[in-house]
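# Survey of secondary and tertiary structure
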Amino acid sequence: MPSAIEQIVDAYVRLKNRRGLDQLMMHRQRLAVDLKSRSGFDFSLPIDKIDEEIAIIEAGLSKLKAVNSTAL
């Protein structure tokens, strides 16, 4: 069963919603930067999860780019 982020990204790709994917990416990147700048607690697990989500979003952006280029 796909994760929630995979389902969201797939929906954005199906709807050809580049803006939604870009906003999702920016949010995850801000979270990653914020967590990486903190100290006093081990944030490695949430950082790893966010990095995985960023990779899923990047794959969705690539898929959307491929769909858009073949539609032309």
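Model, not experiment: these values are computed from the prediction.

Moving on, we get to the pattern of salt bridges. Any two side chains of opposite charge can pair, on the condition that their charged atoms come close. Taken as a whole, this structure holds four salt bridges when the rule is applied. For Arg 28, the salt bridge goes to Glu 53, with nearest N and O atoms at 2.4 Å. Placement of the pair is Arg 28 in helix α2 (residues 18-37) and Glu 53 in helix α3 (residues 44-71), with a sequence separation of 25 residues.

The class of Arg 28 is buried, set by a relative accessible area of 14%. Side-chain polar atoms of Arg 28 contact the side chain of Glu 53, separated by 2.4 Å. Dropping the residues within four chain positions of it, Arg 28 is found in contact with Ile 5, Ile 50, Glu 53, Ile 54 and Ile 57.

Thresholds, definitions, all that
- Residues numbered from 1 in each chain as written.
- Predicted model: local features only at pLDDT ≥ 70, side-chain atom pairs only at ≥ 80, totals over all residues.
- Heavy atoms only, no water.
- Salt bridge = Lys/Arg side-chain N within 4 Å of Asp/Glu carboxyl O.
- Helix = DSSP H or I, 4+ residues; strand = E, 2+ residues; numbered from the N terminus.
- Buried < 20%, exposed > 50% of the residue type's maximum accessible area, 1.4 Å probe, protein only.
- Polar contact = N/O pair within 3.5 Å; in protein donor to acceptor, adjacent residues only side chain to side chain.
- Contact = heavy atoms within 4.5 Å.

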